[in-house]
Amino acid sequence: MTGTTYAVAPRRPVIVTTVAVVLTAVVAVAAACATERRPRLTPAGRTIAGVPAGGLEESEVRAAVESSVRARIGQPVTVRIGGTGETFRLDPAAAGITLDAEATVRAAFAATDSTIPAAVRIDPAKLGAALAAHDRAARPATVKLAAPKPRLEAKGDASFTASSRGVDRSEGTAGWTLDSAAAAPVLRTAIGGGRTEATIPRTPAPPGTEPAGLSGVDQLIGTFTTRHACCEPRVTNIHLIAAMVDGTVIAPGTTFSLNAKVGERTRERGFVAAPAIVAGELEDQLGGGVSQFSTTLFNAAWFAGLPVLEHQPHSKYISRYPPGREATLDWGHIDQVIRNDTEAPVVIRVATTGTSVTVALYGHTGDRKVVSTTGPRRPGRNGGFGVSVTRTVHDDGRETGRTTLHWTYTGLD
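Computed from a prediction, not measured in an experiment: that's the story for all the values here. (Residues numbered from 1 in each chain as written. Predicted model: local features only at pLDDT ≥ 70, side-chain atom pairs only at ≥ 80, totals over all residues. Heavy atoms only, no water.)

## Description of the overall build of the protein
Note the threshold: Numbering of helices and strands runs from the N terminus; a helix is a DSSP stretch of H or I covering at least four residues, while a strand is a stretch of E covering at least two. Exposure is judged per residue with a 1.4 Å probe applied to protein chains only, and the accessible area is read against the type maximum: over 50% gives exposed, under 20% gives buried, and values in between give partly exposed. Throughout, a contact is declared for two residues whenever any of their heavy atoms are within 4.5 Å. For accessible areas, the Shrake-Rupley method is used with a probe of radius 1.4 Å. Any residue's cover is judged against the shown protein chains and nothing else.
Summing up its helical and strand segments, the protein has 8 helices and 26 strands in all. When the 413 residues of the protein are sorted by exposure, 41% land in the buried category. In the protein, of all internal contacts separated by at least 6 residues, the share reaching a separation of at least 24 is 71%. Taken as a whole, the protein presents about 21300 Å² of accessible surface, with 55% of it coming from carbon and sulfur.

In structure tokens, the structure reads:
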């Protein structure tokens, strides 16, 4: 039996399972896309920055955002500075606060709350510049001392009581700065929510301290005025030394030397020759006349109750000065030294006119009252005389000091 040969066709691969897997994956992706797809309409009752936007399609939402919402967040905002009671108007656009329309549209469909804010962008540099315009610098405490006016010029018995006359004090005021980093989230919430008011925080700036060296100065504690003829060379010297001393501060517990402050009277420094008593005789001397300033300063210190550690009256009596209450001055020989024995600085202020010089001392001596009593003249030789002057100081109504000066003049000028 002859055998029969059969041809066997090759087997095709089975791909049913692979196709099924691919189809399953495609279906899954499609399902996922379907779940992430934006709803066709926004939720009913939705508002954006207070603008109704519920039940709208995307194109309608976009139109509302570009019109009503943009207008709403562009409104000027009344900004309150926390803790101050101060307000100012802020233009959002000028301050770098602008609408992010795309982010706002996305939020209109994705947010879960019914009331949502508009999304805004903030430019920190522009916001910082806008807020800086409303910073307030702290104002330091100040002490202003008036130029003294003629007040006391008695040649005999007199008294003076410390007062607040001529002292203008300000304790200063605090200021603040507005920090854009701290204000940004507050403004983002308010403006994004369509509100036109916001309260932002501030960084306080304390008031500065009062001027160095003037702490405690609040009174006119002593003053005196002397007169002189107009237009003489000595007036030049009086005005020059007055300008040099004006504004000097004597710290508590320290002393003031008139010679040390003014220095040698020389032509190069502007002093001119004028009559002065030298060895009992009148002769021209550079700086002649400065003793009038020294006498005026001495009397201001006398009526302030301050210790005068060094001084010397003229050898001959000069009628324009109070007898026994005057002080000459000579470089290298005769000085006037005053001590500040109070707890506050003493400030020397000086004012001059064509016929007078006034010295005022400012500081603090409480309710101090100074009484000066001039005794009778005791006749001496060559028209001279002796005199005694007593100063009594009263603090809080009780006597706290008594000083008596004795001097004998050898004659008249």
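The discussion continues.
## Notes on the packing of helix 6 (residues 233-245) against helix 8 (residues 290-304)
Our working definition: Only the contacting stretch of a helix is used when fitting its axis, a line to C-alpha atoms as for every element, and angles between N-to-C directions run 0 to 180 degrees. Each angle gets one of four labels, with under 35 degrees taken as roughly parallel, over 145 as roughly antiparallel, 65 to 115 as roughly perpendicular, and the rest as oblique. Throughout, the ten residues Ala, Val, Leu, Ile, Met, Phe, Trp, Tyr, Cys and Pro are labelled nonpolar, Asp, Glu, Lys and Arg are labelled charged, and all others, Gly among them, are labelled polar.
Their axes nearest at 7 Å, the elements helix 6 and helix 8 cross at an angle of 45°. On the basis of their axis angle, the class for helix 6 and helix 8 is oblique. Each of R234, N237, I238, I241, A242 and V245 in helix 6 lies in contact with helix 8, whose residues at this interface are V290, Q292 and F293. Its residues assigned to classes, the contact of helix 6 with helix 8 shows 6 nonpolar, 2 polar and 1 charged.

## Digging into the packing of aromatic side chains
To keep things clear, this is the line we draw: Pairing of aromatic rings covers Phe, Tyr and Trp, the last through its six-membered ring, and needs centres within 6.5 Å; plane angles under 30 degrees mean stacked, over 60 mean edge-to-face, and all others mean tilted. Two thresholds decide whether a charge sits over a ring: the Lys NZ or Arg CZ must be within 6 Å of the ring centre and within 35 degrees of the ring normal.
According to the stated counting rule, one finds 5 aromatic pairs in the structure shown. With a centroid separation of 6.1 Å and 5° between ring planes, the pair formed by F224 and F303 is classed as stacked. Of this pair, F224 sits in strand 14 (residues 219-227) while F303 sits in helix 8, and the two are 79 residues apart along the sequence. Exposure remark for F224: the relative accessible area of 1% places this residue in the buried category. Judged by relative accessible area, which is 1%, F303 ranks as buried. A centroid spacing of 5.2 Å and a plane angle of 50° characterise the contact between F385 and Y409, whose relative ring orientation is tilted. Taken as a pair, F385 in strand 25 (residues 385-395) and Y409 in strand 26 (residues 398-409) lie far apart in primary sequence, 24 residues in all. Each member of the pair, F385 as well as Y409, carries the same accessibility label: buried. Ring pairing ties together the aromatic residues Y317, F385 and Y409, which thus form one cluster. The ring centre of W302 lies 4.8 Å from the NZ or CZ of R391, which sits over that ring.

## Considering the nonpolar core
Keep this limit in mind: Buried Ala, Val, Leu, Ile, Met, Phe, Trp, Tyr and Cys residues form a nonpolar core when they are joined through side-chain atoms within 4.5 Å.
Of all hydrophobic cores here, the largest spans 37 residues; its most connected members are I48, I97 and L187. Ignoring any residue separated from it by four or fewer positions in sequence, one finds I97 in contact with L90, P92, V120, R121, I122, L127, L187 and I191. Residues I250, A300, L329 and L361 belong to the second largest nonpolar core, which totals 25 residues.

## Thoughts on the sheet that holds strand 14
As a reminder, the rule being used: At least two DSSP bridges between two strands are required for those strands to pair.
The strand order 14-22-21-15 describes an open sheet built from 4 strands, whose pairing is antiparallel. Only two strands of the sheet have a single neighbouring strand rather than two, namely strand 14 and strand 15 (249-250). In the sheet, strand 15 pairs with strand 21 (residues 346-352) via 2 bridges, with the strands oriented antiparallel. Bridging across to strand 21, I250 finds its partner in V346. Running over the sheet, helix 8 touches strand 14, strand 21 and strand 22 (356-363) and is turned about 145° from strand 14.

## So, helix 2 (residues 58-73)
For clarity, the threshold we go by: At every residue, the bend is computed as the angle between two fitted axes, covering the seven residues ending there and the seven beginning there respectively.
At V65, helix 2 shows its maximal kink, close to 35°. For helix 2, the full list of buried residues reads V61, A64, V65, V69 and I73. Lining the buried residues of helix 2 we find strand 1 (47-48), strand 2 (51-52), strand 5 (97-99), helix 3 (101-110), strand 7 (120-122) and helix 5 (180-192).

## What about the sheet that holds strand 2?
Taken in spatial order, the 3 strands make up an open sheet running 2-1-6, and their pairing is mixed. The open sheet terminates on both sides in strands that have one partner only, identified here as strand 2 and strand 6 (115-116). Taken together, the 2 bridges between strand 1 and strand 6 define a ladder with parallel strand orientation. Across the sheet, the residue bridging to I48 is I116, located in strand 6.

## Side note on the confidence of the model for the protein
Cut-off, in case you're wondering: The pLDDT value tells you how sure the predictor is about a given residue, anywhere from 0 up to 100.
Mean pLDDT over the protein: 88, with 88% of residues reaching 70 or higher. For the stretch residues 1-35, pLDDT sits under 50, and the model shows 0 contacts to residues farther than four places along the chain or on other chains.

## Examining the pattern of salt bridges
In plain terms, the rule: Salt bridges are counted wherever a side-chain nitrogen of Lys or Arg sits within 4 Å of a carboxyl oxygen of Asp or Glu.
By the definition in use, this model includes 12 salt bridges. Here E58 ties to R62 by a salt bridge, and the two come within 3.1 Å at their closest N and O atoms. Here the residue E58 and the residue R62 both occupy positions in helix 2, the gap between them amounting to 4 residues, near one helical turn. Notably, a salt bridge pairs E197 with R80, separated by 3.1 Å at the nearest N-O pair. Taken as a pair, E197 in strand 12 (residues 197-200) and R80 in strand 3 (residues 77-81) lie far apart in primary sequence, 117 residues in all. Taking relative accessible area as the criterion, R80 reaches 33% and is therefore assigned partly exposed. One connected set of salt bridges, linked through shared partners, spans E58, R62 and E102.

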